[in-house]
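Close look at the chain arrangement
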Amino acid sequence: MALNQNQFSMTSVAGTKVYGPVIEGEFYSANAAATVSSGEMVCISSTVYPNVTKFAIGSALTSLYFGVVLTNPLKAAFAVTNKMEVAIPGAVVLMTASAPITAGASLQYAYDTYKVATQTASNTIVGIAMGNAAADGDLIPVYVTQKAISGATGATGATGVTSPTGATGATGATGATGVSLV
């Protein structure tokens, strides 16, 4: 939904930045007809000289999502090569919930519905819920994580080799008996 510049009411939409850092980049896709809209999460595609960061749409619950496309009052969607602003790790952005969510929950992103949900299994954690969502479609403030991380627990390292016990030292010589002075 494009925002009307003459709209005087305060309407919150997915992709509205509440707080935090932003980076400008360019939308990239191998499909020239692809678009991305505000409120959608994107991954870093590449950075090319002179430091133009390209963002792409993720394709799985485990994609390495990096940020959220911000609302633009002039554009509802961005086409390939369009410049856009992305809220990056450390920002708080309004996103759409897919179900009830409790504040403080780790979140995952569904690339097919453009919504966040409580993280399950080993799906990538993309943020932390900063408020409660009562139902599907509710807007919720999300703290974008510092780095997309896997929710899976890492493997435990092997126990190191036990060193052999050293040799017992030799018993020292018994000292001479002292002289008696009687």
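The numbers attached to residues start from 1 for each chain and follow its sequence in the written order. Selection of residues for local features in this predicted model requires a pLDDT of at least 70, selection of side-chain atom pairs for listing and counting requires 80 or more, and totals for whole chains, interfaces and linings are taken over all residues. To obtain the side-chain values, all non-hydrogen atoms of the structure were included, while hydrogens and water were left out.

1. Brief notes about the overall build of the protein chain
- For the protein chain, the helix and strand inventory stands at zero helices and 13 strands.
- Remark: exposure states derive from per-residue accessible area (1.4 Å probe, protein chains only) relative to the maximum for the residue type, with buried under 20%, exposed over 50%, and partly exposed in between. Here the protein chain holds 182 residues, and the buried ones make up 34% of them.
- Within the protein chain, counting contacts between residues at least 6 apart in sequence, those at least 24 apart form 63% of the total.
- Summing over all exposed atoms, the protein chain offers an accessible surface of approximately 10,900 Å²; the carbon and sulfur share of this is 56%. Helix and strand assignments follow DSSP, with helices taken as H or I runs no shorter than four residues and strands as E runs no shorter than two, numbered in order from the N terminus. Residue contacts follow a heavy-atom distance rule, with two residues in contact if any of their heavy atoms lie within 4.5 Å. Each accessible area is a Shrake-Rupley estimate made with a 1.4 Å probe; only the visible protein chains count as cover when residues are assessed.

2. Some thoughts on the nonpolar core
- Joining through side-chain atoms within 4.5 Å is the link that ties buried Ala, Val, Leu, Ile, Met, Phe, Trp, Tyr and Cys residues into a set, and such a set is a nonpolar core. Counting 21 residues, the largest nonpolar core has Val-93, Met-95, Ile-101, Val-116 and Ile-140 as its most contacted members.
- Those elements giving two or more residues to this core turn out to be strand S4 (41-48), strand S6 (65-69), strand S9 (92-96), strand S10 (106-110), strand S12 (124-129) and strand S13 (139-150).
- Contacts of Ile-140, omitting those with residues within four sequence positions, involve Val-93, Leu-94, Met-95, Ala-97, Ile-101, Val-116, Ala-129, Gly-131, Asn-132 and Ala-133.

3. Brief notes about the packing of aromatic side chains
- Only rings of Phe, Tyr and Trp enter the pairing, Trp through its six-membered ring, and a pair is recorded when the two centres are within 6.5 Å. The plane angle decides the type: under 30 degrees is stacked, over 60 is edge-to-face, the rest tilted. A full pass over the atoms with the stated rule returns two aromatic pairs.
- Note on Phe-55 and Phe-66: the rings are 6.5 Å apart at their centroids and 20° apart in plane angle, and the pair reads as stacked. Here the residue Phe-55 occupies a position in strand S5 (residues 52-57), and Phe-66 occupies one in strand S6, the gap between them amounting to eleven residues.
- Phe-66 gets classed as partly exposed once you look at its relative accessible area, which sits at 23%.

4. Digging into the side chain of Ser-63
- When you line up the elements, Ser-63 lands in the loop between S5 and S6.
- Polar contacts, as counted here, are pairs of nitrogen or oxygen atoms within 3.5 Å of one another; within protein the pair requires one atom able to donate a hydrogen and one able to accept it, and residues that are adjacent in sequence qualify only if both atoms are side-chain atoms. Of note is the side chain of Ser-63, whose polar atom sits 3.1 Å from the backbone nitrogen of Ala-60.
- Those residues in contact with Ser-63 that sit more than four places away from it in its chain are Cys-43, Gly-58 and Thr-124.

5. Quick look at the pairing of strand S11 (residues 115-118)
- Pairing between two strands is assigned when DSSP locates at least 2 bridges connecting them. With four bridges connecting them, S10 and S11 associate as antiparallel partners. Looking at S11, one finds that Gln-108 is bridged to Ala-117.

6. Topic: the environment of Ile-101
- Mapped onto the secondary structure, Ile-101 falls in the loop between S9 and S10.
- A C-alpha to C-alpha distance of 7.8 Å links Ile-101 and Ala-135, two positions 34 residues apart in sequence.
- Sequence-distant contacts of Ile-101, that is, excluding residues within four places in its chain, are made with Leu-107, Val-116, Ala-117, Thr-118, Ala-129, Gly-131, Asn-132, Ala-133 and Ile-140.

7. Digging into the pattern of salt bridges
- Salt-bridge detection follows one rule: a side-chain nitrogen of Lys or Arg within 4 Å of a carboxyl oxygen of Asp or Glu. Applying the stated criterion across every chain yields a total of three salt bridges.
- The salt bridge involving Glu-26 is made with Lys-54; its shortest N-O contact spans 3.2 Å. Here Glu-26, found in strand S2 (residues 22-27), pairs with Lys-54, found in strand S5; they are 28 residues apart in sequence, far enough to count as distant.
- A residue is classified by how much of its surface remains accessible, and Glu-26, at 14% relative accessible area, is buried.
- Put simply, Glu-26 and Lys-83 hold a salt bridge, and the shortest N to O gap is 3.6 Å. Residue Glu-26 is found in strand S2, and its partner Lys-83 is found in strand S8 (residues 83-87); the two are separated by 57 residues along the sequence.
- Each member of the salt-bridge network shares a partner with another, and the members are Glu-26, Lys-54 and Lys-83.

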